[in-house]
Each structure stands twice: as C-alpha cells, then as structure tokens.
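The chain contents come next:
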Amino acid sequence: MRQNPSFAMTDVGELRRLVELNPWVTLVSDTDEGLVASHYAVLLDEGRDDLTIVGHVGRPDDMIHGLGARELLVVVQGPHGYISPGWYPEAPNVPTWNFVSAHLTGVPEILTPGENLEVLDRLVTRFESGMPQPRLLWERPNDPDYVTKLERGTVGFRLTPTRVVAKRKLSQNRPDDVVETIIAELDAGAGPYADPRLADEMRRALETRQAAR
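So, here is what we can say about the structure in this document. (Residues numbered from 1 in each chain as written. Predicted model: local features only at pLDDT ≥ 70, side-chain atom pairs only at ≥ 80, totals over all residues. Heavy atoms only, no water.)

1. Section: the sheet that holds strand β6 (residues 109-110)
- With antiparallel pairing, the eight strands of this open sheet are ordered in space as β6-β7-β3-β2-β1-β4-β5-β8. What marks the edges here is a single partner per strand, and that holds for β6 and β8 (163-169).
- Here strand β1 (residues 24-31) runs beside strand β4 (residues 72-83); their pairing, made up of three bridges, is antiparallel. Pairing of L27 across the sheet is with V74, part of β4. (Pairing = 2+ DSSP bridges. Helix = DSSP H or I, 4+ residues; strand = E, 2+ residues; numbered from the N terminus.)

2. Structural notes on the packing of helix α5 (residues 176-188) against helix α6 (residues 196-212)
- One can describe the packing of α5 onto α6 by two numbers: an axis separation of 8 Å at closest approach and a directional angle of 160 degrees. As summarised for this structure, α5 and α6 are arranged roughly antiparallel, according to the angle between their axes. For the crossing formed where α5 meets α6, the hand is left-handed. Here D176, V179, E180, I182, I183, L186 and D187 of α5 come into contact with α6, specifically with P196, L198, A199, M202, R203, L206, R209 and Q210. (Axes fitted to C-alpha atoms, helices over the stretch in contact; angles between N-to-C directions. Parallel < 35°, antiparallel > 145°, perpendicular 65-115°, else oblique. Left-handed = near helix turned anticlockwise from the far one by under 90°. Contact = heavy atoms within 4.5 Å.)

3. Digging into the packing of aromatic side chains
- Applying the stated criterion across every chain, the model contains two aromatic pairs.
- Relative to W97, the ring of Y82 has its centre 6.1 Å away and its plane inclined at 70 degrees; by these criteria the two rings are edge-to-face. Of this pair, Y82 sits in strand β4 while W97 sits in strand β5 (residues 96-106), and the two are 15 residues apart along the sequence.
- Every member of this aromatic cluster is reached through a ring pair, and the members are Y82, W97 and Y193. (Phe/Tyr/Trp six-rings, centres within 6.5 Å; stacked < 30°, edge-to-face > 60°.)

4. Focus: α5
- Taking 1.5 Å per residue as the helical rise, α5 with its 13 residues ought to reach 18 Å, and the 18 Å between its terminal C-alpha atoms agrees with that figure.
- Considered for burial, the residues of α5 that qualify are D176, V178, V179, I182, I183 and L186. Projected onto a plane normal to the axis of α5, the buried residues spread over an arc of 160 degrees and lie on a single side.
- Considering only its buried residues, α5 is in contact with β4 and α6.
- Backbone geometry just after α5 places G189 at a positive phi near 80 degrees. (Expected span 1.5 Å × (residues − 1). Buried < 20%, exposed > 50% of the residue type's maximum accessible area, 1.4 Å probe, protein only. Arc of directions from axis to C-beta.)

5. Topic: the pairing of β4
- Where β4 lies against β5, 10 bridges are found, and the strand directions are antiparallel. By the bridge assignment, L73 is partnered in β5 with T105.

6. Details of the environment of N22
- With respect to the helices and strands, N22 occurs in the loop between α1 (12-21) and β1.
- Residue classification places N22 among the buried residues on the basis of a relative accessible area of 9%.
- Placed 79 residues apart in sequence, N22 and S101 show a C-alpha to C-alpha distance of 9.8 Å.
- Residues in contact with N22, not counting those within four places in the same chain, are V76, Q77, G78, P79 and R197.

In structure tokens:
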C-alpha cells in the first residue's frame, strides 16, 4: 500500500482499535507456487499492548501459506466507501474512495495445541457473547472430545509485525465544512453510499484534528 504522509496512521492505540473493530482479515503469502490469500478472524494478543495478533487457520492452509516459515501479510480493512463529487462545493472535482486500512507483516509463531485452544475459546467468546443465548466453545452439547478434535483441524499462530503500513484516508485534505458535509451525506441513509461506520470514522478524525489545532 503506497503511503501518503498526509494520510499515515501511526498511533498504536488507533491501530489496535482498528484491529479490535475489524477482526475479519486477509492473510497473504508469497509462496513458491505464487501468491495465496485466505480470510480469517484474528484477535489482539491480550497479554500485549502492541499490535501482536493471534488467530488460526484451518488445515491445510498452514501448509499452503508456509505458516511460520515465511512472512505473512495481514490486511486489516476498516470502514470504507465512495465519496461523490456532488458532495463538494460547485467546482471541478472527481469521485474518490475513503478508507481506513492497515498492513501488518511478519513471520508468525506457531502456537502449541494448548495455546491454540485458548485462542479458539477467545474467538468463540468474542463473537458469541452478543447473542441472546451464547453457545460457548466448552458448553454442551460440545464435549471435550469434540473440542479437541476441532483444535486438531486448525493451526494457531501469533504474529508480532515487524513492518506496519497503515492509512487513514478520510478527506483530511478538505476544509472542515466540506468534511462535515460528507459526514452528513454518509450519515443520511438516503442514498446508495450511506455508511454510518465511515461517517463515524471521519467524525472521529475531524475532531482529533480540530483538537490538535
């Protein structure tokens, strides 16, 4: 991802927030057979305060990616959406696409079966906890044999990135009043490109810039 200093995202707290809110990521590896990509959910490592993530892949994706033997690129995609030139003042303009995204690169560490089980348990708890009647990993009708068999079909990993490229392109190059108009259009919900999540990210970025002045 080509970086632009005006849109660079470097604050670790904001990057952790991006991962926390957008856990469905793309894993990319450069293998002898060419580029391969997979899609999995990840979590921040709860024992760290950096950008270390934990997750798992289903077998045989570990072999396909060469997991643990080569660099892995993890693409975290936050809110994104189309920005119409009709939302700008009357002047020559073209459309653009606003987005928040991060690329985390490093050689992952393979987890032990016990560590992998802990990650699987955390993943289920994270996403089931919002359900009216959560079905957690170790709760019946699941039994220990079933859970153990499930773990054996996966390979857990921990990745501490050695390279991070993150970008927050949210119309920072536009005057505040124009940004506020874009936020209002995204929030409106009337058009095909309404997106409250992107509006929230733009509002957060605008308020941060204003507070820093």
